[in-house]
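# Breakdown of the fold
Read off the chains here:
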Amino acid sequence: MLGHFGFECLPHQLVNRSIQQGFSFNILCVGETGIGKSTLIDTLFNTTLKDKKSSHFYSNVGLKIQTYELQESNVQLKLTVVKTVGYGDQINKEASYQPIVEYVDAQFEAYLQEELKIKRSFIDYHDSRIHVCLYFISPTGHSLKSLDLLTMKNIDNKVNIIPLIAKADAISKNDLQKFKCKIMSELVSNGIQIYQFPTDDETTAQVNASMNGQLPFAVVGSRDEVKVGKRTVRGRQYPWGVLQVENENHCDFVKLRDMLFCINMEDLKEQTHIQHYEHYRCCKLEKMGFTDVGPDNKLLSFQEIYEDKRQKFCDQRQREEEELKQKFMQRVKDKETAFKESEKELQEKFEHLKRVQQEEIMKLEEKRRQLEEEIIDFYKMKTVSETLQTPVCINIKKEKDRPFLCKTDIPDLCRSVFISRSYKRLISILWFFLFFLFVTFFI
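Now for a quick tour of the structure. Each chain has its residues counted from 1, running along the sequence as written. Local features in a predicted model are, by the rule used here, given only for residues with pLDDT of at least 70; side-chain atom pairs are given and counted only at 80 or more, and totals for whole chains, interfaces and linings are based on all residues. Heavy atoms from the whole structure form the basis of all side-chain values; hydrogens and water molecules are not counted.

### A look at the sheet that holds strand E9 (residues 241–244)
Under the convention used in this document: Two strands qualify as a pair provided DSSP detects at least 2 bridges between them. Helix and strand definitions here come from DSSP, where helices need a minimum of 4 consecutive H or I residues and strands a minimum of 2 consecutive E residues; each element is numbered from the N-terminal end. To obtain an axis, a line is fitted to C-alpha atoms, over the contacting stretch when the element is a helix, and the angle between two such axes runs from 0 to 180 degrees between their N-to-C directions.
The 3 strands lie next to each other as E7-E8-E9, forming an open sheet whose pairing is antiparallel. One side of each edge strand has no neighbouring strand; the edge strands of this open sheet are strand E7 (225–228) and E9. Strand-to-strand twist across the sheet, computed as the mean angle between neighbouring axes with direction ignored, equals 70°. Bridge count between strand E8 (residues 231–238) and E9: 4 bridges; the pairing is antiparallel.

See below:
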């Protein structure tokens, strides 16, 4: 090619554009309470990030999310740090990893929903997907805990895991090297995939290959500044001497920092997108019924799959609608049959009650007729009694005028008195009987 065209400045344009937009990096810190997560983050960025101390008295595992705006030279970094709270403090640790998995999946889901929008705005969108997980291992010197294996097994396909031996100054150098070998062998035997630094770039292949052989990193964090001779360094003061955080002979802190920020930060973000996010996206779309090939291994477009899914959904909706109609009509028929049977039973009951009522009315009519006959007989007897009482009273009055009674008059007088008393008793009985019939009839 002859001449100068100017597209060699394209990398500079991309650099300037990236610097203007700024960068973002998201770190997930998983480890037990008090293992030194916050201290290590402060040491990595050589600053004191505002944070509250965690407690051991949490009933469930939680996540504490904090975002910071950092600047180095003219490069701005939006740092998001997610830390576990109460991790490993519960008696039952079976589901301690669940909040971590849910959070990582939630960030993938948010990014996927942004991708599926008609109007997308990735320029202003804050990508909250986790780019790296710093897993803090307790410096026991023996082996990994079952909680460590269980958690890493469930998140290794969702995030880039870099295992760290926290507070590595608690183990001697010989024991530390044995502990590293034992950790790597346990990870391999349990099929746990951790992040491997890439070796495909010639400029970083040698460094990354050597760093892969030194995993997990043994780190020590410190916010304190200690004087060593005429120099002031960050480290920890012990009775036997000073542990310098940035001294590679004392710990692997510098190696971790260089691998994270200086060499592989962009690769961590790229692996998060093209490996972990794509795996989540693929599983999500397959679960929704989307696929790249049809039953006959023919390539299908997204539009064809969508139309096919839409047609299947419409057919299924129509079938369900017909089934609901059939069920509704059957229930209506069943209700009508039940109502007819109930109506028939009520009609039969009504007819029975009507017959009973008619019989009762006939009985009452019969009793009324008998009562009327008895009343007529009563009045007849009353008339007869009144006619009989009249001569007796006259005779009695006449007898009163007599000064003395004769022997021949005594039987007639007794007979008259007896007849009068008998009629009175009979009349009383008749009145009582009539009253009884009257009460019975109206009750």
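### Some words on the pairing of E7
Bridge count for E7 against E8 is 4 bridges, and the pairing is antiparallel. When the bridges of E8 are listed, Glu-225 appears paired with Arg-234. The antiparallel hairpin formed by E7 and E8 contains 2 residues in its connecting segment, where Gly-229 sits at a positive phi of about 70°.

### Concerning the nonpolar core
A general tendency of soluble globular proteins is for nonpolar side chains to be buried together. The condition is simple: We define the nonpolar core as a collection of buried residues of types Ala, Val, Leu, Ile, Met, Phe, Trp, Tyr and Cys that are connected through side-chain atoms lying within 4.5 Å of one another. Three exposure classes are used, based on accessible area relative to the maximum for each residue type with a 1.4 Å probe and protein chains only: buried under 20%, partly exposed in between, and exposed over 50%. Any two residues whose heavy atoms approach within 4.5 Å at even a single point are treated as in contact.
Formed by 72 residues in total, the largest nonpolar core has its most connected members in Leu-44, Leu-134, Ile-162, Phe-217 and Leu-256. Examining the composition of this core, we find that 7 residues originate from one element, helix H3 (residues 98–115), more than from any other. Filtering out sequence-adjacent residues up to four positions away, Leu-256 remains in contact with Leu-40, Leu-44, Leu-134, Ile-162, Leu-164, Phe-217 and Val-219.

### Some thoughts on the state of the cysteines
Keep this limit in mind: Note on terminology: pairs of cysteine sulfur atoms within 2.5 Å are recorded as disulfides.
Inspection of the entire model under this criterion finds 0 disulfides. Cys-283 supplies the cysteine sulfur nearest to Cys-282, a cysteine that is in no disulfide, at a spacing of 5.6 Å. The class for Cys-282 is partly exposed, based on a relative accessible area of 37%.

### Comments concerning a negative patch on the surface
Quick reminder of the rule: Grouping into patches uses exposed residues only, defined as over 30% relative accessible area, and leaves out salt-bridged ones; the cut-off is 9 Å for like charges and 5 Å for nonpolar side chains (Val, Leu, Ile, Met, Phe, Trp, Tyr). Areas reported here follow the Shrake-Rupley algorithm with a probe of radius 1.4 Å; residue values treat only the protein chains shown as occluding. We define a salt bridge as a side-chain nitrogen of Lys or Arg found within 4 Å of a carboxyl oxygen belonging to Asp or Glu. By the counting scheme adopted, Arg and Lys are positive, Glu and Asp are negative, and His together with the chain ends is not counted. Working definition for charges: the position is that of NZ of Lys, CZ of Arg, CG of Asp or CD of Glu.
Residues Asp-200, Asp-201, Glu-202, Glu-266 and Glu-270 make up a contiguous surface patch of negative charge. With respect to the helices, strands and loops of the structure, Glu-202 is situated in the loop between helix H5 (173–189) and helix H6 (205–212). Residue classification places Glu-202 among the exposed residues on the basis of a relative accessible area of 77%.

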